[in-house]
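Observations on the three-dimensional arrangement
So you can see what is in the structure, the chains are spelled out below.
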Amino acid sequence: MNNYIAQNRDRFLNELLDLLRIPSVSADSKFKGDMIKAAEYVRDRMAEAGADRVEIYPTPGHPVVYGEKIIDPSLPTVLIYGHYDVQPADPYELWNTPPFEPTIRNERIYARGACDDKGQFYMHIKALETMLATDSLTCNVKMMIEGEEEIGSNHLELFVKEHKEMLQCDTILISDTSMIANDVPSIETGLRGLTYMEVEVVGANRDLHSGVYGGGVANPINVLCEMIASLKDEDGHITIPGFYDNVQELTEAERADLNAAPFDLDEYKKDLVIDDVAGEKGYTTIERTSVRPTLDVNGIWGGYIGEGAKTVLPSKANAKISMRLVPHQTDTEICALFTKHFESIAPASVKVKVTPHHGGLPYVTPTDSIEYEAAALAMEESFGKKPIPTRGGGSIPIVALFEQELGQKSILMGFGLDVDALHSPNESYGLFNYYKGIETIPLFFKHYAKLKKQ
């Protein structure tokens with residue numbers, strides 16, 4: 001297999017670069033045509049790789065691309081999940097090179113979606129091609145690549161429920177996560193959930209002269225900032241009543257195991273160019289970014305932000321706020337708690353509107369399953385080291401739904417790194433990681449088929 005990968009190395013890369021040139025931004029309607037173009041590109045490459053029954057399924061939002069290769073119904077079936085949509089690239093001026101003109105520098109591909117998730121899901125298409133070309137495919141394969149992960153996979157639940165028979169499988173394999181380092185392989189065994197909200201604070205019925213009205217009426221920006229500031233105390237503890245009621249607390253032994261993973265705080269700060277870290281008191285950075293819930297402002301706006309000065313009291317101010325959740329919190333529970341609390345702390349001088357956007361449940365997968373063992377053996381064979389189990393801080397909304405609807409656990413065998421700058425300007429993905437993924441995925445199939453026979 002490695003010879004086939006080496007012989008097709010340039011083509012594998014060029015195909016990914018062509019995919020990265022398509023600005024498939026699901027959150028912005030102006031890219032709707034590009035979303036269709038990306039789905040068609042994925043469909044065509046799946047078919048060329050050797051998948052059968054390759055189709056684009058429309059949804060009320062963006063389409064789902066599905067393909068399969070059933071070599072023997074008696075063999076185990078692996079469902080591959082990924083997403084072709086990407087985060088908005090704004091602000092464009094902070095990119096060193098255009099986000100949709102992929103550039104290779106220092107053995108890394110720089111482009112929006114390079115790692116999240118185009119580079120990672122495309123490894124599976126090339127791995128399928130490699131296994132079929134070398135007559136080494138040991139399991140049936142199904143692939144479902146969606147276009148709404150970055151906006152909460154809002155229409156995927158209906159799709160999964162309507163196509164449960166088509167999606168039946170023995171396990172789900174996902175590459176949309178990261179490793180500790182290229183020389184320290186790891187497998188994520190958990191994800192945080194998500195609740196994403198938008199809030200609006202409205203004062204007077206129009207923008208006001210700050211001299212004539214200043215000091216006499218509420219300034220929505222001031223009020224919004226005060227309300228947001230009150231959502232955490234001096235210890236970084238979230239103040240929403242009931243927020244922590246269902247949080248699963250780790251034992252001291254579990255915390256020790258989690259913190260045993262290689263982590264250099266000085267390197268962490270150096271990479272981010274910060275003088276110190278911040279977060280919930282009493283927890284390490286590893287814990288804060290994986291097993292503790294969070295509340296963060298993702299965007300805030302209001303008033304005059306153009307060149308020069310404009311002395312105005314804005315009529316309204318807005319913010320987008322996300323909360324990462326841990327077992328056993330639910331997005332619906334936290335959404336309700338946040339809404340009730342935010343409305344309750346608003347002064348009578350303003351009106352408040354809270355709009356939920358999307359959410360997802362947290363997820364934990366066992367490390368004593370055949371599926372996890374197959375992934376661990378595959379990574380050990382390709383990297384030469386046993387992978388370390390870790391907990392991830394991000395969210396993949398579909399994972400909990402898969403278990404609920406299909407009755408199967410997901411294996412999070414990702415090949416990204418923290419330096420890939422997901423969701424940020426200058427997102428990138430290492431060439432080493434891209435090719436290592438294509439090499440490792442067939443090994444998962446090999447070990448999984450063997451373990452299932454035992």
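To start, this report covers the structure provided alongside it.

Each value, and the rule that gives it
Counting restarts for each chain, with residues numbered from 1 along the sequence as it is written. At least 70 in pLDDT is required for a residue's local features to be given in this predicted model, at least 80 for side-chain atom pairs to be given and counted, and no such filter applies to totals for whole chains, interfaces and linings, which use all residues. Hydrogens and water molecules were not included; the side-chain quantities draw on all heavy atoms of the structure. Paired rings are identified among Phe, Tyr and Trp, the last through its six-membered ring, by centres lying within 6.5 Å, and are further divided according to the angle between planes into stacked (under 30 degrees), edge-to-face (over 60) and tilted (the rest). To sit over a ring, a charge needs its Lys NZ or Arg CZ within 6 Å of the ring centre and within 35 degrees of the ring normal. Any two strands with at least two DSSP-identified bridges between them are counted as paired. To qualify as a helix, a DSSP run of H or I must reach at least 4 residues; to qualify as a strand, a run of E must reach at least 2; elements of each kind are numbered from the N terminus. Convention adopted: a line fitted to C-alpha atoms gives each axis, helices being fitted over their contacting stretch, and angles between N-to-C directions are expressed from 0 to 180 degrees. In this description, contact between two residues means that some pair of their heavy atoms is separated by no more than 4.5 Å. Classification of residues uses two cut-offs on accessible area relative to the type maximum, computed with a 1.4 Å probe and protein chains only: under 20% is buried, over 50% is exposed, and between them is partly exposed. Polar contact criterion, stated in full: a pair of N or O atoms within 3.5 Å, where within protein one must be able to donate a hydrogen and the other to accept it, and residues adjacent in sequence count only if both atoms are side-chain atoms. A side-chain nitrogen of Lys or Arg and a carboxyl oxygen of Asp or Glu constitute a salt bridge if their distance falls within 4 Å. Only residues above 30% relative accessible area that lack a salt bridge enter a patch, with like-charged residues linked at up to 9 Å and the nonpolar side chains Val, Leu, Ile, Met, Phe, Trp and Tyr linked at up to 5 Å. Here the accessible surface of atoms and residues is derived via Shrake-Rupley with a 1.4 Å probe, and residues count as covered only by protein chains that are part of the display. Each residue after the first adds 1.5 Å to the expected span of a helix. As used in this record, nonpolar core signifies buried Ala, Val, Leu, Ile, Met, Phe, Trp, Tyr and Cys residues forming a set joined through side-chain atoms within 4.5 Å.

Let us look at the packing of aromatic side chains. Scanning all chains against the criterion turns up 13 aromatic pairs. Judged by centre distance (5.3 Å) and plane angle (55 degrees), the rings of Tyr434 and Tyr435 are tilted. The rings of Tyr57, Tyr66 and Phe159 are connected pair by pair, giving a single aromatic cluster. In this arrangement the basic side chain of Arg105 is found over the ring face of Tyr110, its NZ or CZ atom lying 3.9 Å from the centre.

Here 4 strands make up an open sheet; going across it, the order is S12-S14-S10-S15 and the pairing antiparallel. With one partner strand each, in any of the chains shown, strand S12 (296–302) and strand S15 (351–360) form the two edges of the open sheet. Here the average twist between neighbouring strands, direction ignored, is 15 degrees. Here helix H6 (residues 220–229) sits on the sheet and contacts strand S10 (193–202), S12, strand S14 (316–325) and S15; the angle it forms with S14, its principal contact strand, is near 15 degrees. Across the face of the sheet, helix H10 (residues 331–344) comes into contact with S10, S14 and S15 while running at roughly 20 degrees to S10.

The next thing to look at is the environment of Ser24. Topologically, Ser24 is positioned in the loop between helix H2 (9–20) and helix H3 (32–49). The buried category is assigned to Ser24, whose relative accessible area is 0%. Note: C-alpha distance between Ser24 and Ala39 (15 residues apart in sequence) is 8.9 Å. If sequence neighbours within four positions are ignored, Ser24 has contacts with Asp34, Met35, Ala38, Tyr84, Asp85, Val86 and Lys118. For Ser24, the side chain forms a polar contact with the side chain of Lys118, separated by 2.9 Å.

What follows concerns the pattern of salt bridges. Enumeration over the complete set of coordinates arrives at 25 salt bridges. The partner of Glu252 in a salt bridge is Arg255, with the nearest N and O atoms 3.7 Å apart. Separated by 3 residues within a single helix, Glu252 and Arg255 lie in helix H7 (residues 252–259), roughly one turn from each other. Residues joined in a network through salt bridges with shared partners are Arg11, Glu15, Lys126 and Glu129.

All right, on to a nonpolar patch on the surface then. Taken together, the side chains of Val212, Tyr213 and Val217 make up a nonpolar region of the molecular surface, amounting to roughly 250 Å² of accessible area. Structurally, Val217 can be placed in the loop between strand S11 (208–209) and H6. Accessibility expressed as a relative area gives 38% for Val217, which makes it partly exposed.

Here we come to helix H11 (residues 370–383). Between its first and last C-alpha atoms H11 spans 20 Å; for 14 residues at 1.5 Å apiece the expected length is 20 Å, and the two agree. Those residues of H11 that fall on the buried side of the exposure criterion are Glu371, Tyr372, Ala374, Ala375, Ala376, Ala378, Met379, Ser382 and Phe383. Tucked into the core, H11 has its buried residues touching strand S7 (171–174), strand S8 (186–188), strand S17 (388–390), strand S18 (410–412) and helix H13 (431–453). Positive phi shows up at Gly384, right after H11, with a value of about 80 degrees.

Moving on to the environment of Leu16. Among the structural elements, Leu16 can be located in helix H2. Given the relative accessible area of 0%, Leu16 is considered buried. Sequence spacing of Leu16 and Pro102 is 86 residues, and the spatial spacing of their C-alpha atoms is 9.4 Å. If we ignore the near neighbours within four places in the chain, the residues touching Leu16 are Ile109, Lys118, Gly119, Tyr122 and Tyr434.

Time to look at the nonpolar core. Side chains that are nonpolar tend, in soluble globular proteins, to be buried together. If you look at the biggest cluster of nonpolar residues, it comprises 64 residues, and the most contacted ones within it are Phe444 and Phe445. Here this core takes 11 residues from H13, the largest share from any one element. Apart from residues no more than four positions distant in its own chain, Phe444 is found in contact with Val78, Thr171, Leu173, Glu371, Ala374, Ala375, Ala378 and Met413. Ranked by size, the runner-up nonpolar core spans 26 residues in total, among them Leu224, Ile321, Val326 and Cys335.

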